[in-house]
Amino acid sequence: MTALRMVFYLLAILIVASTAMAITRKNLVHAVLYLVQSFFATAALFYLLGAPVLAALEIIIYAGAIMVLFLFIIMTLIGGYTGSRNHRQWIFPSLLGLASIVSAGVLLFSSPASETGLIAATASPASFGRYLFDKYWLPIEIVSLLLFVALVGALYLGTHKGKSVAQIEVEQ
Amino acid sequence: MWWIVGFVVLLIKVAVVLGVLFGFAAGMVLVERKLLGRLQIRYGPNRVGPFGLLQPVADGLKLLLKEDIVPKGADRIIFFFAPAVVALVPLLIAAVVPFSSDLKIGETRIPVLIADLNVGLLFFLAVASLSVYGVALGGWASNSKYSMLGSVRGAAQLISYELSLGLSLVPVVMLAGSFSLVDIVNAQAEYPFILVQPVSFLIFFISSMAESNRLPFDLPEAENELIGGFHTEYSGMRFALYFLGEYISMVVLGALVAVFFLGGWRGPVLPPLAWFLIKTMITPVFFIWTRATLPRVRYDQLMQLGWKILLPLCLVNIIATGGIALLVRS
């Protein structure tokens, strides 16, 4: 077993374990922290697989922005603790999880590429960007349009049908 | 065999950078108090040692000897680790800052930085985005209303200004054509980027002031309304870690301003390291001057400045830089 493989399996265990901890915590702030840990391990995995840009973006966007928003909402609205959990809510997620594990297993064992080991390689930021915008410029534009639509929607909801919060307060 | 030598050199570099940064942080406390005193027409500390020079030592000793209090109902583990995050973040960022030109010993050239990452700038943004956890979790774990209010404010503020902090650096990357901080310094061989990117410089400067929770953006710790904000319940060395983190991040942000906009260690006559130190100190001194001059902004003013002025300005600046770069290169 090469060092690369060992680190890979170590990270994989860390990701699975911390994500499992995240979905079973009753204290929501602890759940967020475990999820942040899982994102860190994912970033390390990206770095290991030769994608430093993706690793950095994973931390900037997921650990540094989205999870902070989660934390912000938990702190302002709920205060960190939820009551006892309903056990029936486990059924549907565990079915979905089982389905994805089975399909991943089928993919893994049916593909001949799964036999080859990990190769150490890195994509420099410049070559990564050139590749992405040469070959996949259309999907990128579509995704950014989607995000823009979501942004406009959020803005509309936030201003409460075109009125600012201050205006609504004045009317009340 | 050679990797052992490389490892030892790396360890020496890390030790030197750590030592210098801690020394600078202690020095900054004294500089701030002295300068604030002068700006407010008083003397500042002048009792401990000659000219009050030993004040940081006295402060450090006092904080070390104070009782470490944990409030009842606090989330102990998070309460213990949150201050460390704040102190750790600027130290990690210092790992990618090039301090000087390559050191030449005989034939071998030793780069005077800890790690030249090809995603150095993204590394800075990624690590900087984590400091919000120290502020938000420290206040939450304290189980106190003032702390909680401070950390909610802190989370909102840091996440708002992170955007303009990151976007203000996009034109710098476009000009340098690289994320590596070494390449960015090398790209400023002819002229520093502040001459061609004054708007970016201004946005980065204001955002970094907000990111380090300094007046006029110190709403998360606003003393007269929130006692001490997110660090109300901290005492002794844990409080000192928050304090230390703030001062180290001032110095490190100064170093980053020097690297991104002032040409890094480049300059005439004086040796590179001297230039770098001079340029690094400009930003902290400016921060202190601003603190003595401006009152704290209101919360809605803070959000308006971040989202309605700085962010659109960033985007316009990126488009303009792209357009001009296309014109010049074609």
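About the criteria used
- Per chain, residue numbering runs from 1 following the sequence as it is written.
- Following the order in which they are written, the chains are lettered starting with A and the ligands numbered starting with 1.
- Thresholds applied to this predicted model are a pLDDT of at least 70 for local features of residues and 80 or more for the giving and counting of side-chain atom pairs; totals over whole chains, interfaces and linings are not thresholded and use all residues.
- For the side-chain quantities, the full set of heavy atoms in the structure was used; hydrogens and water were omitted.
- A helix here means a DSSP run of H or I that spans at least four residues, while a strand means a run of E at least two residues long, and both kinds are numbered starting from the N terminus.
- We call a residue buried when its accessible area falls under 20% of the maximum for its residue type, exposed when it is over 50%, and partly exposed in between, using a 1.4 Å probe and counting protein chains only.
- Contacts: residue pairs with any heavy atoms within 4.5 Å of one another.
- For accessible areas, the Shrake-Rupley method is used with a probe of radius 1.4 Å. Any residue's cover is judged against the shown protein chains and nothing else.
- The reference for a compact globule is 2.2 Å times residues^0.38; the radius of gyration itself is calculated from the C-alpha atoms.
- In this tally, Lys and Arg are treated as positive and Asp and Glu as negative; His is ignored, and so are the chain termini.
- Charged side chains are reduced to one point each, which is NZ for Lys, CZ for Arg, CG for Asp and CD for Glu.
- A pair is scored as a salt bridge if a Lys or Arg side-chain nitrogen falls within 4 Å of a carboxyl oxygen belonging to Asp or Glu.
- For every residue, the predictor reports its confidence as pLDDT, a number between 0 and 100.
- A fitted line through C-alpha atoms represents every axis, and for helices the fit uses only the stretch in contact; the resulting angles, taken between N-to-C directions, go from 0 to 180 degrees.
- Angles are sorted into four bins: roughly parallel if under 35 degrees, roughly antiparallel if over 145, roughly perpendicular if 65 to 115, and oblique for all others.
- For a crossing to be left-handed, the near helix must be turned anticlockwise from the far one by less than a right angle; the clockwise case is right-handed.
- As a working rule, the residues Ala, Val, Leu, Ile, Met, Phe, Trp, Tyr, Cys and Pro are called nonpolar, Asp, Glu, Lys and Arg charged, and the rest polar, with Gly in that last group.
- Buried area is calculated as the accessible area (1.4 Å probe) missing from two parts once they are joined, with the contributions of both summed.
- Pairing of aromatic rings covers Phe, Tyr and Trp, the last counted by its six-membered ring, and requires centre-to-centre distances within 6.5 Å; plane angles under 30 degrees mean stacked, over 60 mean edge-to-face, and any other angle means tilted.
- What is meant by a nonpolar core is a set of buried Ala, Val, Leu, Ile, Met, Phe, Trp, Tyr and Cys residues, joined one to another through side-chain atoms within 4.5 Å.

Notes on the overall build of chain A
Scanning chain A from terminus to terminus reveals seven helices and zero strands. When its helices and strands are written in sequence order, chain A yields α-α-α-α-α-α-α. Burial status across chain A gives 20% buried among its 172 residues. Contacts in chain A between residues at least 24 apart in sequence constitute 62% of all its contacts with a sequence separation of at least 6. Here chain A has roughly 12,400 Å² of accessible surface; of this, 74% comes from carbon and sulfur atoms.

Things to note about the overall build of chain B
A count of helical and extended segments in chain B gives 13 helices and two strands. Computed over the C-alpha atoms, the radius of gyration of chain B is 21 Å, within 12% of the 20 Å expected from 2.2 N^0.38 for a compact globule of 330 residues. In terms of overall dimensions, chain B has a C-alpha envelope of 65 × 50 × 45 Å along the principal axes. Residues counted as buried form 50% of the 330 residues belonging to chain B. In the form shown here, chain B has an accessible surface area of approximately 15,800 Å², with 72% of it arising from carbon and sulfur atoms. For chain B, the distance from the average position of its 23 positive side-chain charges to the average position of its 19 negative side-chain charges is 6 Å.

So, the pattern of salt bridges
All names here are of chain B. Under the definition given, this model contains five salt bridges over all chains. A salt bridge links D300 to R298; the shortest N-O distance between them is 3.0 Å. Residue classification places D300 among the partly exposed positions, given a relative accessible area of 40%.

Looking at the confidence of the model for chain B
In the predicted model, chain B carries a mean pLDDT of 85, and the fraction of residues at 70 or more is 100%. The ipTM for the predicted assembly is 0.82, set against a pTM of 0.85.

A closer look at the environment of A320 of chain B
Its place among the elements puts A320 of chain B in helix α13 (residues 299-329). It is 29 Å that separates the C-alpha atoms of A320 of chain B and V96 of chain B, two residues lying 224 residues apart in sequence.

Quick notes on the packing of helix α9 (residues 198-211) of chain B against helix α12 (residues 272-293) of chain B
Residue and element names in this part refer to chain B. At a minimum axis distance of 12 Å, the contact between α9 and α12 shows a crossing angle of 70°. Classified by the interaxial angle, the pair formed by α9 and α12 is roughly perpendicular. Crossing hand, α9 versus α12: right-handed. Residues F205, S208 and M209 of α9 pack against T283, F286, F287 and T290 of α12. Taken together, the residues that form the contact of α9 with α12 break down as four nonpolar, three polar and no charged.

Quick word on the interface of chain A and chain B
Interfaces are often sized by the amount of accessible area the parts lose when they come together. In this complex, chain A contributes 26 residues to the contact, which on the side of chain B involves 23 residues. Buried surface at the junction of chain A and chain B, both sides included, amounts to about 2,000 Å², of which 82% is carbon and sulfur. When residues of chain A are sorted by the area they lose upon contact with chain B, I60, V68 and M75 of chain A head the list and together hold 27% of the total. At the surface where chain A touches chain B, the tally comes to zero salt bridges.

Focus on the packing of aromatic side chains
Aromatic ring pairs: the centre-centre distance and the angle between the two ring planes describe each pair. Residues and elements named next belong to chain B. Following the criterion strictly, the structure yields 19 aromatic pairs over all chains and no others. The interplanar angle of 35° and the centroid separation of 5.8 Å between the aromatic rings of F201 and F205 together place this pair among those described as tilted. Within this pair, F201 and its partner F205 are both found in helix α9, separated by four residues, close to a single helical turn. The residues F201 and F205 share a single accessibility class, namely buried. An aromatic cluster is defined as three or more aromatic residues linked by ring pairs; in this entry it consists of F124, F201, F204, F205, F260, F261, F286, F287 and W289.

Examining the nonpolar core
Ranked by size, the top nonpolar core spans 99 residues in total, and within it F124, Y133, L169, F204, L256 and F260 of chain B carry the most contacts. The element best represented in this core is helix α11 (residues 236-261) of chain B, accounting for 14 residues. The residues touching Y133 of chain B, leaving out its near neighbours within four places in the chain, are V36, A63, M67, V68 and L71 of chain A together with G138 of chain B. L11, I15, L45 and L48 of chain A belong to the second-largest nonpolar core, a separate cluster that totals five residues.

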